[in-house]
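Here is how the chains run, residue by residue.
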Amino acid sequence: MVAGRCFGFIFIFAQEPNDTAMPETALLPGFGKELRMGRLNRRTNSPESTPQVISVNISSGGIPKLPVAFACLALNGLEGDGHNHEKHNNPLQAVCLQDIEELEELCKEGFPLNAGSTGENLTVKNLNVNNLPLGTVLKFSGGVVIELTKVRKPCYVLDAIDPHLQEIIADCCGMYAKVLQEGVVKEFDHITVVRNYR
């Protein structure tokens, strides 16, 4: 069980089996099998390929962001998550998403990455978020709803990982989103692309 407080309410979650638990020093294995050719093009039409949250990541500022079991997501971002630069305190950039498959392909190319390393708040699986158009609305099984607003551009903070990472990750650095419905987001939340939200 995992318990926590959000928006004045107490939430208790039953954790799913820990066969996909993430070691602190290793990337989740086995999720990325495709070759990376620019942005990945993955199938998401089978039950085992349901889009979901693999890791929720926060930090007091900068990278890496570290995994937590769940976090409250408000209009201004995840509770407990900070930014080193004021330009990032923008409700249109309340949360950042990245595909685990992209990180795994970068690992295969020699970059030492795991969930949260590049600064994303939500590491996702089977969503192919880097290929979704701006304006796409995503609904999480816990009730949170967000809308993709901006392609994330890599910046100099990634040089601390590798001086070549900015260039390599330029077309697959993740997406920013604004919050349409606040709530709790947690590991293993399923994600649905909403066609007609309003």
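Just so you know, the residues in each chain are numbered from 1, in the order the chain's sequence is written. Thresholds applied to this predicted model are a pLDDT of at least 70 for local features of residues and 80 or more for the giving and counting of side-chain atom pairs; totals over whole chains, interfaces and linings are not thresholded and use all residues. Note: side-chain values were computed over all heavy atoms of the structure, leaving out hydrogens and water.

A. Representation of the overall build of the chain within the structure. Each helix corresponds to a stretch of at least 4 residues labelled H or I by DSSP, and each strand to a stretch of at least 2 residues labelled E; elements are numbered beginning at the N terminus. Each helix and strand in the chain was counted, giving two helices and 13 strands. Each residue gets one of three labels from its accessible area relative to the maximum for its type: buried under 20%, exposed over 50%, partly exposed in between, using a 1.4 Å probe on protein chains only. Considering the chain as a whole, with its 198 residues, one finds that 47% of them fall into the buried category. Only heavy atoms enter the contact rule, under which two residues are in contact if any of them lie within 4.5 Å. The long-range fraction of contacts in the chain, counting pairs at least 24 apart against all pairs at least 6 apart in sequence, stands at 72%. Each accessible area value is a Shrake-Rupley result obtained with a 1.4 Å probe; residue values ignore everything except the protein chains displayed when judging cover. Accessible area for the chain stands at about 10200 Å²; split by element, carbon and sulfur atoms hold 53% of it.

B. Layout of the pattern of salt bridges. When a carboxyl oxygen of Asp or Glu lies within 4 Å of a side-chain nitrogen of Lys or Arg, that pair is called a salt bridge. Taken as a whole and judged by the stated rule, the model has three salt bridges. Here Asp81 makes a salt bridge to Lys65, at a shortest N to O gap of 2.7 Å. In this pair, Asp81 sits in the loop between strand E6 (77–78) and strand E7 (95–99) while Lys65 sits in the loop between strand E3 (52–58) and strand E4 (66–68), placing the two residues 16 residues apart along the sequence. By relative accessible area, which is 15% here, Asp81 ends up buried. The salt bridge partner of Lys108 is Glu105, with a shortest N-O separation of 3.3 Å. You can see Lys108 and its partner Glu105 sitting in helix H1 (residues 100–108), three residues apart, about one turn around the helix. We classify Glu105 as buried; its relative accessible area is 5%.

C. Representation of the sheet that holds strand E5 (residues 70–74) within the structure. Here, a strand pair is defined by DSSP locating no fewer than two bridges between the strands. Taken in spatial order, the three strands of this open sheet run E6-E5-E12, and their pairing is antiparallel. Here the strands that pair on one side only, and so sit at the sheet edges, are E6 and strand E12 (183–186). Here E5 pairs with E12 via four bridges, running antiparallel. When the sheet's bridge partners are listed, Ala71 is paired in E12 with Val185.

D. Structural context of the confidence of the model for the chain. One confidence number per residue, pLDDT, is output by the predictor and ranges from 0 to 100. Looking at the chain, the pLDDT average stands at 81 and 73% of residues meet or exceed 70. pLDDT under 50 marks residues 13–45. Its contacts with residues more than four places away, or in other chains, come to 73 contacts.

E. Inspection of the side chain of Gln98 at higher detail. Its location among the elements puts Gln98 in strand E7. Polar contacts, as counted here, are pairs of nitrogen or oxygen atoms within 3.5 Å of one another; within protein the pair requires one atom able to donate a hydrogen and one able to accept it, and residues that are adjacent in sequence qualify only if both atoms are side-chain atoms. Looking at Gln98, its side chain comes within polar contact range of the main-chain oxygen of Cys172, at 2.8 Å. Apart from residues no more than four positions distant in its own chain, Gln98 is found in contact with Leu103, Glu120, Leu122, Thr123, Val124, Val129, Asn130, Ile169, Cys172, Cys173 and Gly174.

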